Amino acid sequence: MESNIPSWSLLQIEDAAKLLGFYVGPGCGKLNFAGPLEKLVGRVKDIKSAAAPTHINAYDYNSRVCPILGYHAQLLPLDKRHFLLERIALHTVLRAPWNTFRHSDFFQLHKIGGPKFRSFNVACASALYRTATRTVCSWQEWIEQMTINAKEHLSVRHAATGQLYPDCWDSPSFAHNLKWAFEGFGGDETHHTIMIRGTPRLLKAGTALKHCLATKNSGVYPAPGSEFFRNFRSLQKHVYSILMEHIFPDEPHTQLNSLCFGRCIKLFAPYEVSTENGVDVNAALNLLSTTSGPIGIKVVKTWLNGWATSHRMHEDNVHCCLLGCRDEQDSLNHYIHCPHLFALQRFLFSGISENPLIRFGIQTPEIFSFKVISCLFSAYHALKSEVRSGKINMHYQTWLQSAWSVFANVCKAEAGELGVSTRAFSLVKFIDFLITGRLPSPTNNLLLHDHIET
Ligand SMILES: [Zn+2]
């Protein structure tokens, strides 16, 4: 440009330009999803910083985060990196420490009274499939044209590998994306970009989808744009549900109860977590499904070691027990057995079992113990945030009194909301209880309701 038209020497040449919201050109692959994904990550961060209750977060996620990629997903595929992104986003929305849940667990939470999440990866794959089979079916002719051109102008290697465009293009054409979706998300194995596109689970689900549609069409997989697809009601919704069924199946080895069982074995040691010992996670989860509000999520997070303790979150400064055990770590493994937590539980609530398996609801489960776990969960996290923000400084002499008061007050507030009765809390009475094991008498207790000392 400089030597031929010197006056145009400052002209900028880009390898992709935007047309109707999509980048087109040899370098469009890296640009196309960049904007929408940035927006998606931003919205998840907004949800995180708003610190709203988790069911509001979930509603926000389904209605404001999932649809962001919908427009681009009609012509572009997501790949396995976005499955990881979705898992991170869902942990953030539920404020759960990383790896508390497996990816499929998020889509089972509605069974225990939790929110029903949508998967943006599966929604995007369904949108691409719908475009390929109903909306833009001319991709078959485009592929034919590209094949003729490739034979004429490209090397034998391109024809052999099925790459019908020059190496300078950083991503497959829209036509190839649509072909890939129509062929069940597996496409041509030799395709040079296939490695980053699909996941084995998506391919498996795509194969099942093809099979299912073929069955509906007298055993023949219908052609794109055929009457079958044109007349299919709610095609995209139907595709979404079939893909969900196969990507996140509700099978024994993926069910939430097997994960809870496995985690509880480590969490409750040395107590034996086994069916012979009366532990029935299945029954506990069934009972949990009858609860409403956030109880289910809090209890399941407890069984899955999902308290945001400094040990669990791998914080630089791992505290000791926030309830005053000097040589014990701030970790849920300790809190299950923590004598101070147990004492607070017994002081505040009546009918608390000595057996942690019963106390934490996995043996002889009761709605009452679920409600207590929910209170403990909230109280612990309120205390943890006071410690994190520096309002409670563990180097001060009186920190423990403040910690117990915060814990007890939050516990009582939540118990009030859940309709569980509690004893009035006073530090003096609690310390007396720690020393003597004597619970305040009911008469004193009545008075204490009016003058809660902290
Ligand atoms: Zn402790």
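Residues numbered from 1 in each chain as written. Predicted model: local features only at pLDDT ≥ 70, side-chain atom pairs only at ≥ 80, totals over all residues.

**Some words on the overall build of the protein**
Across its full length, the protein carries 23 helices and two strands. In terms of overall dimensions, the protein is more spread out than a globule: its C-alpha atoms have a radius of gyration of 29 Å, far above the 22 Å expected for 454 residues. Counting only C-alpha atoms, the protein reaches 95 × 65 × 35 Å along its principal axes. For the protein, restricting intrachain contacts to residue pairs at least 6 apart in sequence, the fraction spanning at least 24 positions comes to 65%. (Helix = DSSP H or I, 4+ residues; strand = E, 2+ residues; numbered from the N terminus. Rg over C-alpha atoms; globule rule 2.2 N^0.38 Å. Contact = placed C-beta atoms within 7 Å.)

**Side note on the domain arrangement of the protein**
How big an interface is tends to be stated in terms of the accessible area lost upon association of its parts. For the protein, the domain assignment lists domain 1 (16-250) and domain 2 (256-436). Between domain 1 and domain 2, the contact holds 16 residues from the first and 18 residues from the second. Looking at the side of domain 1 that touches domain 2 residue by residue, the class counts come to seven nonpolar, six polar and three charged. (Domains from an automatic or database assignment. Nonpolar A, V, L, I, M, F, W, Y, C, P; charged D, E, K, R; others polar.)

**Quick notes on helix H3 (residues 54-65)**
Those residues of H3 not exposed but buried are Thr 54, Asn 57, Ala 58, Tyr 61 and Val 65. Take H3 and look down its axis: the buried residues cluster within an arc of 100 degrees, on one side only. (Buried ≥ 20, exposed ≤ 12 C-beta atoms within 10 Å, placed from the backbone. Arc of directions from axis to C-beta.)

**A closer look at the packing of helix H11 (residues 200-216) against helix H13 (residues 235-247)**
Where H11 contacts H13, the axes come no closer than 8 Å and their chain directions differ by 130 degrees. With respect to H13, the axis of H11 lies oblique. Between H11 and H13 lies a crossing of right-handed hand. Every residue of H13 that contacts H11 at Arg 201, Leu 202, Lys 204, Ala 205, Ala 208, Leu 209 and Cys 212 is listed here: Val 239, Ile 242, Leu 243, His 246 and Ile 247. Looking at the contact of H11 with H13 residue by residue, the class counts come to nine nonpolar, one polar and two charged. (Axes fitted to C-alpha atoms, helices over the stretch in contact; angles between N-to-C directions. Parallel < 35°, antiparallel > 145°, perpendicular 65-115°, else oblique. Left-handed = near helix turned anticlockwise from the far one by under 90°.)

**What to know about the nonpolar core**
Judged by nonpolar contacts, the single largest core of 106 residues is most densely connected at Cys 124, Leu 243, Cys 260, Phe 407 and Cys 411. For this core, the element with the highest residue contribution is helix H20 (residues 367-388), accounting for ten residues. (Core = buried A, V, L, I, M, F, W, Y, C linked by C-beta atoms within 7 Å.)

**A word on the packing of helix H6 (residues 120-135) against helix H9 (residues 174-182)**
Following both chains from N to C, one finds H6 and H9 inclined at 100 degrees, their axes separated by 8 Å at the closest point. One finds that H6 runs roughly perpendicular with respect to H9. From H6, Leu 128, Tyr 129, Thr 131, Ala 132 and Thr 133 reach across to H9, where they touch Asn 177, Leu 178, Ala 181 and Phe 182. Residue classes in the contact of H6 with H9 are distributed as six nonpolar, three polar and no charged.

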